[in-house]
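Here is what each chain is made of, one letter per residue.
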Amino acid sequence: MKRLLPSLRAKKRYLAFELISEAPVSRSDLVKEIMFSASSLLGDVATSKCDIKVLGFEDWKGIIQCSHTKVKETRASLATLTRVNGKKATLHVLGTSGTVKRATEKFLQNHLVFEPEIKTKSKTAEE
Amino acid sequence: MGKPKFYDFCVHAVPDGENSVEQLAALSRHLGYSGIALANHSDKLPQSRPVLPSTHEFEVFNGIELVEENPSKLHSLIGKFRKSVDVLIVHGGSENVNRAALENPRVDILNHPAFDRSSGLNQVLAKAAAENDVSIGLTLRPFLHSRGPRRVRLLSDLRANLDLARKYGVSLVLSSGAMSCFDLRSPMETLALAEVCGLEENEALEAITIVPERIISRNRPGPGHIREGIEVLEEGDFF
């Protein structure tokens with residue numbers, strides 16, 4: 001199939017994020033939860049316009065793609081994420097960029113994921 | 001203009017919430033806040049006053065959220081705590097409490113005023129709030145944790161209050177209302193969520209930067225302050 005011309009492709013923004021959560025989270029659970037919270041905040045129609053996709057997620061960090069005009073809506077729906085797979089979690093957007101490369105270089109490469117102490121402490125409190 | 005300073009003015013720590021002040025402070029600093037106010041509910045205060053881990057870049061303000069159903073008791077509680085705290089929040093939730101809080105100029109913020117079938121404000125209360133400079137607090141926590149009909153209800157209450165606040169010039173304060181570390185959201189996410197919920201961009205920004213700063217400067221008068229409206233600007237030997 002012929003690829004779409006660059007000028008006709010949808011413009012996107014890439015949000016670099018870190019996940020702060022009690023327990024390790026798999027990518028598929030995170031994707032499911034993000035889509036659920038987006039569709040419950042914005043509704044299915046508006047969510048489809050945001051064009052949210054989780055491109056990569058490993059080691060608590062990842063990149064989410066969205067439409068370049070809907071960054072605000074996407075961020076708001078990411079903020080309403082409270083649990084992944086029943087475990088408490090928070091998604092913290094580190095920054096936005098127009099390309100995956102730049103987002104990775106600028107926000108993810110030198111970023112240390114925050115405080116293992118909270119994770120461990122809340123876990124021990126549960127036990 | 002430099003980068004704006006963001007404040008989160010309603011955070012609950014142990015024993016009210018789940019995490020300690022240090023953990024909350026560390027995370028909110030990491031998220032990009034310049035300060036938080038520890039505002040435990042007055043019925044769940046710790047035995048001793050917690051040590052606030054403040055540094056010169058990040059400050060933890062001493063606050064309290066008063067929970068009291070009886071208006072006259074509420075007024076006496078306000079008098080009791082006013083001197084010792086930087087931020088005095090009243091936990092609203094009935095007509096009498098809302099009214100008592102908004103008509104007392106010593107109160108800084110009224111949180112979640114909504115009660116059954118009412119958004120909690122009306123034109124009389126909004127006018128009183130503007131006169132006494134009591135801000136309406138919008139806490140994010142309920143918006144994050146509810147889904148479906150409950151959140152719809154919260155949003156429509158918020159809209160009704162926003163309309164009143166705009167008409168009468170009541171200031172707003174956006175805060176997380178966090179009970180644990182996982183309820184904290186970074187300033188940018190808070191702003192985005194507030195805008196999706198119906199605030200204007202500049203309103204939301206003001207509610208998280210300028211209004212909190214004003215509350216702090218009002219409650220921590222400078223060295224030359226004598227009383228409201230009278231201030232020594234320049235020391236000098238005039239006699």
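Preceding block: the structure.
Asker: Could you give an account of the overall build of chain A, naming the residues involved and the relevant values?
Answerer: Counting its regular elements, chain A contains 5 helices and 5 strands. In chain A, the succession of helices and strands from N to C terminus is β-α-α-β-β-α-β-β-α-α. Across the 127 residues of chain A, 32% fall into the buried class. Taking as baseline every contact in chain A between residues at least 6 positions apart, the subset at least 24 positions apart corresponds to 68%.

Asker: Kindly report on the packing of helix H3 (residues 95-102) of chain B against helix H4 (residues 123-132) of chain B, identifying the contributing residues and their values.
Answerer: All names here are of chain B. Interhelical geometry of H3 versus H4 gives an angle of 30 degrees and a closest axis separation of 8 Å. Put simply, H3 runs roughly parallel to H4. On the side of H3, the interface is formed by Asn98, Arg99 and Leu102, while H4 contributes Leu125, Ala128, Ala129 and Asn132. When the residues that make up the contact of H3 with H4 are grouped by side-chain class, the tally is 4 nonpolar, 2 polar and 1 charged.

Asker: Go over the sheet that holds strand S2 (residues 53-58) of chain A, please, and point to the residues and values.
Answerer: Residue and element names in this part refer to chain A. Strand order in this open sheet of 5 strands is S2-S3-S1-S5-S4, and the pairing throughout is antiparallel. Edge positions in the open sheet fall to S2 and strand S4 (83-84), since each of these has one partner strand only. Relative to strand S3 (residues 61-67), strand S1 (residues 12-21) is paired through 7 bridges, and the arrangement is antiparallel. Counted as the bridge partner of Leu15 is Ile64 from S3. With respect to the sheet, helix H4 (residues 100-108) is in contact with S1, S2, S3 and strand S5 (87-97), its orientation differing from that of S5 by roughly 115 degrees.

Asker: Hey, could you go over unusual backbone geometry for me, with residue numbers and the actual values?
Answerer: With an omega of 5 degrees, the peptide bond running from B:Val14 to B:Pro15 counts as cis. Secondary-structure assignment places B:Pro15 in the loop between strand S1 (7-11) and helix H1 (21-31). Look at A:Asp59: it is not a glycine, yet its phi comes out positive at around 55 degrees. For A:Asp59, the location among the structural elements is in the loop between S2 and S3. By the C-beta count within 10 Å, which is 10 here, A:Asp59 ends up exposed. One non-glycine residue, A:Trp60, lies in positive phi territory at about 70 degrees.

Asker: Explain the interface of chain A and chain B to me, using residue names and the numbers behind them.
Answerer: It is common to give the size of an interface as the accessible area lost on bringing the parts into contact. Facing the 17 residues of chain A at the interface are 20 residues of chain B. Of all the secondary-structure elements, those providing two or more residues to the side of chain A that touches chain B are helix H3 (71-79) and S5 of chain A. When residues of the side of chain A that touches chain B are assigned to their parent elements, the largest contribution, 6 residues, is made by H3(A). Here the residues of the side of chain A that touches chain B are counted per class, giving 7 nonpolar, 5 polar and 5 charged.

Asker: Summarise the environment of A:Leu41; cite the residues concerned and give the values.
Answerer: All names here are of chain A. Tracing the backbone shows Leu41 in helix H1 (residues 27-42). Residue Leu41 is classed as buried on the basis of its 24 C-beta neighbours within 10 Å. Placed 39 residues apart in sequence, Leu41 and Thr80 show a C-alpha to C-alpha distance of 7.8 Å. Setting aside residues no more than four positions away along its own chain, Leu41 makes contact with Ala76, Ser77 and Thr80.

Asker: Could you give me a rundown of the packing of helix H7 (residues 187-196) of chain B against helix H8 (residues 201-208) of chain B, with the residues and numbers involved?
Answerer: Residues and elements named next belong to chain B. Where H7 meets H8, the closest approach of the two axes is 9 Å, and the angle between their N-to-C directions is 135 degrees. Comparing their axes, H8 and H7 come out oblique. Considering the relative orientation of H7 and H8, their crossing is right-handed. For the pair formed by H7 and H8, the contact residues are Pro187, Thr190, Leu191, Ala194 and Glu195 on the first element and Glu201, Ala204, Leu205 and Ile208 on the second. Here the residues of the contact of H7 with H8 sort into 6 nonpolar, 1 polar and 2 charged.

Asker: Lay out the sheet that holds strand S6 (residues 135-139) of chain B in plain terms, naming residues and giving numbers.
Answerer: All names here are of chain B. What the 7 strands build is an open sheet, ordered S1-S2-S3-S4-S5-S6-S7; its pairing is parallel. Bordering the open sheet on either side are S1 and strand S7 (172-175), each of which pairs with just one other strand. The sheet shows a mean angle of 30 degrees between the axes of neighbouring strands, taken without regard to direction. When strand S3 (residues 59-66) meets strand S4 (residues 87-91), the two strands line up parallel, connected through 4 bridges. Bridging across to S4, Gly63 finds its partner in Val87. Running at roughly 160 degrees to S3, helix H2 (residues 71-81) makes contact with S3 and S4 of the sheet. Seen against the sheet, H8 touches S1 and S7 and runs at an angle of roughly 75 degrees to S7.

What counts, and where the lines are drawn
Residues numbered from 1 in each chain as written. Chains lettered and ligands numbered in written order. Predicted model: local features only at pLDDT ≥ 70, side-chain atom pairs only at ≥ 80, totals over all residues. Helix = DSSP H or I, 4+ residues; strand = E, 2+ residues; numbered from the N terminus. Buried ≥ 20, exposed ≤ 12 C-beta atoms within 10 Å, placed from the backbone. Contact = placed C-beta atoms within 7 Å. Axes fitted to C-alpha atoms, helices over the stretch in contact; angles between N-to-C directions. Parallel < 35°, antiparallel > 145°, perpendicular 65-115°, else oblique. Nonpolar A, V, L, I, M, F, W, Y, C, P; charged D, E, K, R; others polar. Pairing = 2+ DSSP bridges. Left-handed = near helix turned anticlockwise from the far one by under 90°.

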